Amino acid sequence: MAKVTIDGHTIEVPDGTTILQAARMLVDKDKMVDAKVAPPTMCYYSKLKTSGGYCRTCIVKVTKGSEKDPRPMPKPVASCRTKVMDGMEGVNITSPEVIEARKGVVEFLLINHPLDCPICDQAGECHLQDLGYEHGLSKTRYDFPRRTFNQIDIGPYIKMHMTRCIMCFRCVKVADQITDYRVHGMLNRGDASEISTYIQKAIDNDFSGNIIDVCPVGALTDRTFRFKSRVWFTKPVDAHRNCTKCSGKVALWLKGNDILRVTGRKDQWGEVEEFICNECRFEKKDVKDWTIEGPRHIDRHSVISANHYESLASLKLDIGKQQKALSTKK
Amino acid sequence: MGKKLLIHNDKVPNIHTLQVYREHGGYASVEKALKSMTPNDVVEEVKKSGLRGRGGAGFPTGMKWSFLAKPEGVERYLVCNADESEPGTFKDRYLMEKIPHALIEGMITSSYALGAKTSYIYIRGEYFYVARILEKAIEEAYAAGLLGKNILGTDFSHDCYVQVGGGAYICGEETALLESLEGKRGNPRIKPPFPAIAGLYGCPTVVNNVETIAAVCPIVMMGGDEYAKIGVGRSTGTKLISASGHINKPGVYEIELGLPVEEFIYSDEYCGGIINGRKLKAVIAGGSSVPILPAELILKNDKGEPRLMTYESLSEGGFATGTMLGSGGFMVYDETTSIVKNLYTLARFYHHESCGQCSPCREGTGWMEKILHRIVEGHGKPSDIDLLWDIQRKIEGNTICPLGDAAAWPVASAIRHFRAEFEEYINNPSKIKDVKHYYSVNQLAGA
Ligand SMILES: Cc1cc2nc3c(=O)[nH]c(=O)nc-3n(C[C@H](O)[C@H](O)[C@H](O)COP(=O)(O)O)c2cc1C
Ligand code: SF4
Ligand code: SF4
Ligand code: FES
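Residues numbered from 1 in each chain as written. Chains lettered and ligands numbered in written order. Predicted model: local features only at pLDDT ≥ 70, side-chain atom pairs only at ≥ 80, totals over all residues. Heavy atoms only, no water.

**Looking at the environment of Cys401 of chain B**
All names here are of chain B. Among the secondary structure elements, Cys401 is positioned in the loop between helix H17 (384-395) and helix H18 (403-427). What makes Cys401 buried here is its relative accessible area of 10%. Once the C-alpha coordinates of Cys401 and Glu174 are considered, the two residues, 227 residues apart in sequence, prove to be 9.6 Å apart. Sequence-distant contacts of Cys401, that is, excluding residues within four places in its chain, are made with Ile170, Glu173 and Pro188. (Helix = DSSP H or I, 4+ residues; strand = E, 2+ residues; numbered from the N terminus. Buried < 20%, exposed > 50% of the residue type's maximum accessible area, 1.4 Å probe, protein only. Contact = heavy atoms within 4.5 Å.)

**Regarding the domain arrangement of chain A**
All names here are of chain A. Partitioning chain A into domains gives domain 1 (2-106), domain 2 (117-222) and domain 3 (231-305). Each of domain 2 and domain 3 has a C-alpha centre, and these two points are 21 Å apart. With 18 residues of domain 2 at the contact, the number on the domain 3 side is 22 residues. Carbon and sulfur atoms supply 49% of the area buried between domain 2 and domain 3, which totals about 1,800 Å² over both sides. A per-residue breakdown of the area domain 2 buries against domain 3 is headed by Glu125, Tyr157 and Asp213, which together make up 32% of the total. For the pair domain 2 and domain 3, the interface holds two salt bridges. Asp213 is the partner of Arg281 in a salt bridge, and the nearest nitrogen-oxygen pair spans 3.0 Å. (Domains from an automatic or database assignment. Buried area = accessible area lost by both parts, 1.4 Å probe. Salt bridge = Lys/Arg side-chain N within 4 Å of Asp/Glu carboxyl O.)

**Concerning the interface of chain A and chain B**
Interface extent is often summarised as the accessible area lost during association of the parts. The interface is formed by 36 residues belonging to chain A together with 39 residues belonging to chain B. Here chain A meets chain B over a buried area of about 3,300 Å², counting both sides, of which 53% is carbon and sulfur. The three residues of chain A that bury the most area against chain B are Phe108, Phe144 and Arg189 of chain A, which together make up 24% of that side's buried surface. For the pair chain A and chain B, the interface holds eight salt bridges. Two residues, Asp390 of chain B and Arg141 of chain A, come together in a salt bridge whose shortest N-O distance is 2.7 Å. Secondary-structure elements contributing two or more residues to the side of chain A that touches chain B are helix H2 (96-111) and strand E8 (185-187) of chain A. Per-element accounting of the side of chain A that touches chain B gives the leading share, seven residues, to H2 of chain A. Along the lines of polarity and charge, the residues of the side of chain A that touches chain B split into 17 nonpolar, eight polar and eleven charged. (Nonpolar A, V, L, I, M, F, W, Y, C, P; charged D, E, K, R; others polar.)

**What to know about the pairing of strand E8 (residues 251-256) of chain B**
All names here are of chain B. In terms of burial, E8 is largely enclosed, as five of its six residues are buried. For strand E7 (residues 238-245) and E8, the ladder comprises six bridges, and the chain directions are antiparallel. Of the residues in E8, the one forming a bridge with Ser242 is Val252. Between E7 and E8, which pair antiparallel and follow one another directly, the connecting turn spans five residues. (Pairing = 2+ DSSP bridges.)

Set out below in structure tokens:
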């Protein structure tokens, strides 16, 4: 076991735990701990092996390496990939330096992002939106053309909108870990790189739909749900069915009695509890197919949880000021 | 005349052939190591020699070798990094092209020390003709019983292969190199684990630069203590420097570490002074990634002491007034050079070569290039200098591999030492001729 302290909160965790996991455990264990002590993640996904390390949003500062070697680490580290040591101390939200560096990362993620949220199916449950609200600048410093790609269809069910991709590699890891051979990966290099199946091949696998759920942004979306509704106008419920391929435990997104969309059940970190099969996800759109358990509690990563709109202050908008500006304009 | 240990025979006719190479004492270190030393003896000699990695980072080679994990029944590998893609660096090419057997000899001796049955030379795609030279040399070595089963009648067997890369700079980063060698996309791995624990095919692996491996031969022959007498302090031995730019005699020079920078630039034995008698403006001392220094800071450090060609002396003063020895790519700029344009060229390079895995490097390198392009074309904004500074600061230290740092340092140092020149570009756009300001989106997307 190793004892770690993050932002002043201490917890004992098994050896081999990462700083990020330890922070999540802290938040899970103690309701008094601010959920933000767990760093935001855009590429790490606890259910996917070797995920994490790419996006750099989860950075923290290690102020004390361990009991044995108390030296601080010279540079911020990716908490999702750094294992704890006994006696380690780190800072996340209590460090202005970390917040500043994270702001930088968020800016990098946004400079080439199209910001087409108004027409994006992911809007409302997009991790990049969340991150932007919490750490973004209100005005971009980037005044060059943004990179664009053509949209492609990966098979009948999945839309790939590469322009929105933030290169988190989660979908690549899903494809790698659910299929026996490589069907989906990265082409080209640097800021010209793109995620692709190369020749627009469908990922021919019963679990391919999960790449939609793991995508933190609207780069991979469900074609059966495309432009049907904003997510916050749909009602999520937990439901299950007898499925031979997966557990059959899903979240249905209803409008009236219509099932607009089926997804995995996401936990408070925005990760699905279990991967579901394509049959459940794409082909069972009749309420009679399902046993409905009850409303689904939406934790954090969705505006429908009203979390982000709890108060105007959290939106960081000063309505009074705006109104004043409008009235003086007239 | 300084001592030469690596390329002293470079002018001997046909030194690239095994016969001539052996006539000049070649492969003696293989004989000596395999027949009269244990592998551990060789490692000890390398440790005593104080040899530091010649690929750029300067990590002590003996220490790296002693970190190599040695689990029972698991293969170990030696991989030679011949990717040499750092702008300004062309010393490994010279060595391999002129005296290929010097590298092969080093590969065998080093592999013996590490207990590696197989080794690979990963060479950059553009060096395809050098790969052929190496393959020829390996063929000769096999025929002479220096490679293959029971080398020179001993128990040691070894195979060495040349693998040509696809020509990406990032494949010089050791873990990207290993990925590429395994046939995958050359993306740097997230460390730990380090190659010494899990490298090629998940097996313990040592990755060393061409020059580092070649230097093992003289160390075995003369002994580590004797080697350590050359040089100054913790910078021991000799180093190949590839000198280019506005000098009278560009080329590859072998120097004893500790040579004063001023002597290196102005002495006829080396660079022979600045071309056309012009004045020195700046130097990038160790390949494009290291900070550029203005003339007054490269010749003398901030305390006014002469700078020496050593790891320590060049980095004296930290990044505020110092730089690094790096890979030994010594680029000299005279008074006619535009630092801004030069920086733009470098920024283009790093943008082009970023692998795209981590957000700060993938997005930041492109952004910096575009801003510099705008400045060079006469459309810079006064806020651009601070913006560039802020971007490089947010890339540095927050990436998976050091390419992010390598992209940030040139920008930081150019602004630190030549800020006025940037201001001039921005304030007097009319002076900058041939303005074409465009950047097509297709170009960006690589379409
Ligand atoms: C972007 C990048 C490019 C590199 N390119 C080279 C190279 O071309 N040749 C080389 O020897 N080392 C290169 N390196 C350094 C290697 O990662 C590694 O440190 C070196 O091969 C170790 O060998 P040494 O200890 O003998 O120097 C590069 C590093 C980075 C980050
Ligand atoms: S498509 Fe989505 S999941 Fe895949 S790399 Fe891009 S952002 Fe990540
Ligand atoms: S720093 Fe750049 S080159 Fe290195 S892993 Fe990250 S994106 Fe790739
Ligand atoms: S979540 Fe840790 S680097 Fe992306």
